[in-house]
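Coordinate analysis (summary)
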Amino acid sequence: AVSEIVAVTQGDAASGRHRNDGRWQKMSPRTEEVQEHMSYVERTRQHRWRCSEVTFQCPEGALCRLWVSSITEQLQALAGRPKRLLVYINPFGGKQQGRRVYEQKVSPLFARAGIATHVIVTEYANHARDHLRTQAELDDFDGVVCVGGDGMFSEVVHGLVWRTQSDAGVDHHSPEAELQPCRLRIGIIPAGSTDCICFATVGTNDPVTSALHIIVGDSQPMDVCSVHHNNTFLRYSISLLGYGFYGDVLTDSERKRWMGPARYDFSGLKTFLTHHYYEGTVSYLPARGIMGNPRDRTKCRAGCLVCQHNGRLHQEQRAECDGEWRTVRGKFLAINAASMSCACPRSPKGLSPAAHLADGTTDLILVRKCSRLDFLRHLLRHTSKDDQFDLAFVDVHRVRRFRFTPRYCQSDSELELDLRENGKRLFSQICRDHPACGCAPAYSSWNCDGEILTHTAIEVGVHCQLIRLFARGIEEPAVFEDFTNPCAI
Ligand SMILES: CCCCCCCCCCCCC/C=C/[C@@H](O)[C@H](COP(=O)(O)O)NC(=O)CCCCCCCCCCCCCCC
Ligand SMILES: Nc1ncnc2c1ncn2[C@@H]1O[C@H](COP(=O)(O)OP(=O)(O)O)[C@@H](O)[C@H]1O
Ligand SMILES: [Ca+2]
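Nothing here was measured: the structure is a model prediction, and the numbers come from that model.

Looking at the environment of Gly242
Structurally, the position occupied by Gly242 is in strand β10 (residues 240-244). By relative accessible area, Gly242 is classed as buried at 0%. Residues within four places of Gly242 in sequence aside, it is in contact with Gly247, Ile335, Asn336, Ser445, Trp446 and Asn447.

A short note on the domain arrangement of the protein chain
Under the domain assignment, the protein chain is made up of domain 1 (2-77), domain 2 (81-219 + 470-489) and domain 3 (223-407 + 442-466). At the interface, 33 residues of domain 2 touch 34 residues of domain 3. When domain 2 packs against domain 3, the two sides together hide about 2800 Å² of surface, and 62% of this comes from carbon and sulfur. Counting the contacts that link domain 2 with domain 3 gives nine residue pairs in polar contact (both at pLDDT 80 or more).

A short note on the packing of aromatic side chains
Enumeration according to the criterion identifies eleven aromatic pairs in this entry. Ring centres of Phe245 and Phe375 lie 5.2 Å apart, and the angle between their planes is 80°; on these two criteria the pair is classed as edge-to-face. Taken together, the residues span a long stretch of sequence, with Phe245 in helix α7 (residues 245-254) and Phe375 in helix α10 (residues 372-380) at a distance of 130 residues. Each ring, one from Phe402 and one from Trp446, has its centre 6.3 Å from the other, and the planes form 45°; the classification is tilted. Highlighted residues: Phe402 in strand β14 (residues 394-406) and Trp446 in strand β15 (residues 446-448), separated in sequence by 44 residues.

What to know about the packing of helix α3 (residues 127-135) against helix α4 (residues 150-168)
Axis separation between α3 and α4 bottoms out at 8 Å; the angle between their running directions is 15°. In terms of their interaxial angle, α3 and α4 are classed as roughly parallel. Handedness of the crossing formed by α3 with α4: right-handed. Two secondary-structure elements touch here, α3 through His127, Ala128, Arg129, Leu132, Arg133, Thr134 and Gln135 and α4 through Met152, Glu155, Val156, His158, Gly159, Leu160, Trp162 and Arg163. Counted by class, the contact of α3 with α4 contains six nonpolar, five polar and four charged residues.

Some thoughts on the coordination of the calcium ion (ligand 3)
With distances of 2.3 to 2.6 Å, the protein atoms coordinating the calcium ion (ligand 3) are Asp223 (OD), Ser339 (O), His356 (O), Asp359 (OD) and Thr361 (O). Along the chain, the residues that donate to the calcium ion (ligand 3) are spaced as D-x115-S-x16-H-x2-D-x1-T. In this pair, Asp223 sits in strand β8 (residues 220-229) while Ser339 sits in the loop between β12 (326-338) and β13 (362-368), placing the two residues 116 residues apart along the sequence.

About the criteria used
- Residues numbered from 1 in each chain as written.
- Chains lettered and ligands numbered in written order.
- Predicted model: local features only at pLDDT ≥ 70, side-chain atom pairs only at ≥ 80, totals over all residues.
- Heavy atoms only, no water.
- Helix = DSSP H or I, 4+ residues; strand = E, 2+ residues; numbered from the N terminus.
- Buried < 20%, exposed > 50% of the residue type's maximum accessible area, 1.4 Å probe, protein only.
- Contact = heavy atoms within 4.5 Å.
- Domains from an automatic or database assignment.
- Buried area = accessible area lost by both parts, 1.4 Å probe.
- Polar contact = N/O pair within 3.5 Å; in protein donor to acceptor, adjacent residues only side chain to side chain.
- Phe/Tyr/Trp six-rings, centres within 6.5 Å; stacked < 30°, edge-to-face > 60°.
- Axes fitted to C-alpha atoms, helices over the stretch in contact; angles between N-to-C directions.
- Parallel < 35°, antiparallel > 145°, perpendicular 65-115°, else oblique.
- Left-handed = near helix turned anticlockwise from the far one by under 90°.
- Nonpolar A, V, L, I, M, F, W, Y, C, P; charged D, E, K, R; others polar.
- Donors = N, O, S within 2.8 Å, 3.2 Å for Na, K, Ca; no water.

Given below as structure tokens:
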């Protein structure tokens with residue numbers, strides 16, 4: 001299809017400026033004869049795309065020129081294709097290859113597709129976020145590309161969402177605020193440690209594949225969670241919000257950044273062996289009147305009907321959901337909210353395999369205190385076909401909002417209630433300082449897409465389809481289609 005052509009150019013056969021396709025070499029070039037070079041998307045295994053080139057020999061120069069200009073015109077008329085991109089590179093993400101990956105694999109493709117770029121190599125953490133917030137001339141661009149991991153993507157989202165709200169006069173500190181969707185799409189060139197947002201929206205972590213999705217102008221809407229403490233905005237989350245296990249893994253892994261991506265495995269093992277649980281209260285607003293549930297074994301795929309259906313539903317039906325909050329108190333090994341599957345190479349089906357990218361909900365996973373062996377069973381099921389939620393100590397709910405309060409962080413009014421009711425103030429104070437007799441920490445931290453949150457008591461709301469990516473979701477393999485034939489236009 002035309003939509004999967006990267007570019008066409010004309011070069012004359014005699015000059016030999018372009019590599020000749022072997023098939024045509026037998027023909028002797030006549031004086032008039034010219035070549036037409038076409039680059040196009042070719043699908044290879046496991047959702048990977050390659051940029052292939054084919055050369056056509058054309059007996060008549062005029063005809064060839066007509067062809068090239070007609071196809072180029074058609075390509076330019078494709079509305080979704082970006083022409084100008086703002087690129088941020090994190091040179092220190094993952095294995096510190098971001099710069100090399102961009103220069104060697106991505107930049108030549110953008111050039112071939114005639115995309116103009118403005119490239120910024122970041123110099124410090126939050127450089128990209130702050131540049132987007134205050135300096136970047138966003139009107140000059142059709143999209144933003146980040147080269148790095150989920151942390152770098154998160155920076156770009158924070159910059160863009162913040163800028164969009166401030167331009168629209170929306171107060172992002174209000175947890176109830178209806179946020180304005182961002183105009184610019186975001187592309188991810190994976191060069192981080194987990195890269196789960198790329199993996200879950202494209203199906204593979206491969207810079208060339210991602211670059212091609214950007215070039216053809218794909219669009220994948222995505223939900224974004226906002227995280228607040230009281231009435232103060234803390235952060236946005238796109239992949240995982242995790243307290244307990246994933247919070248502790250992250251806290252420990254930050255000290256091991258020098259290890260690169262392997263830090264997560266070391267800290268994962270350590271945290272697993274430590275086996276801490278945390279007490280607290282979770283309240284949540286279940287998503288009602290929607291298609292799908294976290295255990296229906298469906299998967300969010302390209303052109304997902306559930307996302308389309310629930311994305312439209314969201315606005316009108318929200319009122320119906322109000323007033324049905326539920327509360328759970330307990331001891332948890334992990335509290336995870338996955339607003340998408342969080343599929344990544346470590347777990348190809350992800351934390352919540354049936355979660356949707358753009359349905360306006362997040363899957364709240366509660367793992368209660370259990371034995372090490374049971375928790376290991378739960379973890380292992382992230383890597384097998386077995387259902388990780390089919391265990392007595394695991395609950396999963398598809399929700400629109402939720403709140404968490406750790407046990408020893410009661411609000412002042414709750415403390416006063418304690419005091420009035422049974423004179424427990426002194427006891428409460430002791431608990432605050434030394435809960436559980438000092439044997440184990442009373443608090444974990446929230447892991448918000450790989451960043452540690454400064455507060456433990458949080459309120460979370462999902463903003464349906466707030467951003468769009470240069471991706472199309474994971475494609476189902478089409479068995480009968482011939483992907484290799486570029487002439488099937
Ligand atoms: C025993 C094997 C268990 C495998 C369980 C794997 C579950 C993996 C789910 C991963 C969800 C990832 C969600 C993504 C979060 C990212 O946004 C975020 C930031 O990414 P960035 O660094 O690229 O910026 N990444 C993370 O927070 C990293 C989380 C990684 C967790 C790895 C946990 C490994 C657990 C190993 C347990 C080992 C127990 C072994 C017992 C013998
Ligand atoms: N130039 C820089 N120097 C230091 N830190 C940076 C720089 N640019 C980005 N960061 C930060 O690095 C962190 C990790 O980035 P990321 O690209 O997600 O890699 P990883 O997947 O390895 O964690 C992010 O929190 C991001 O804000
Ligand atoms: Ca979702």
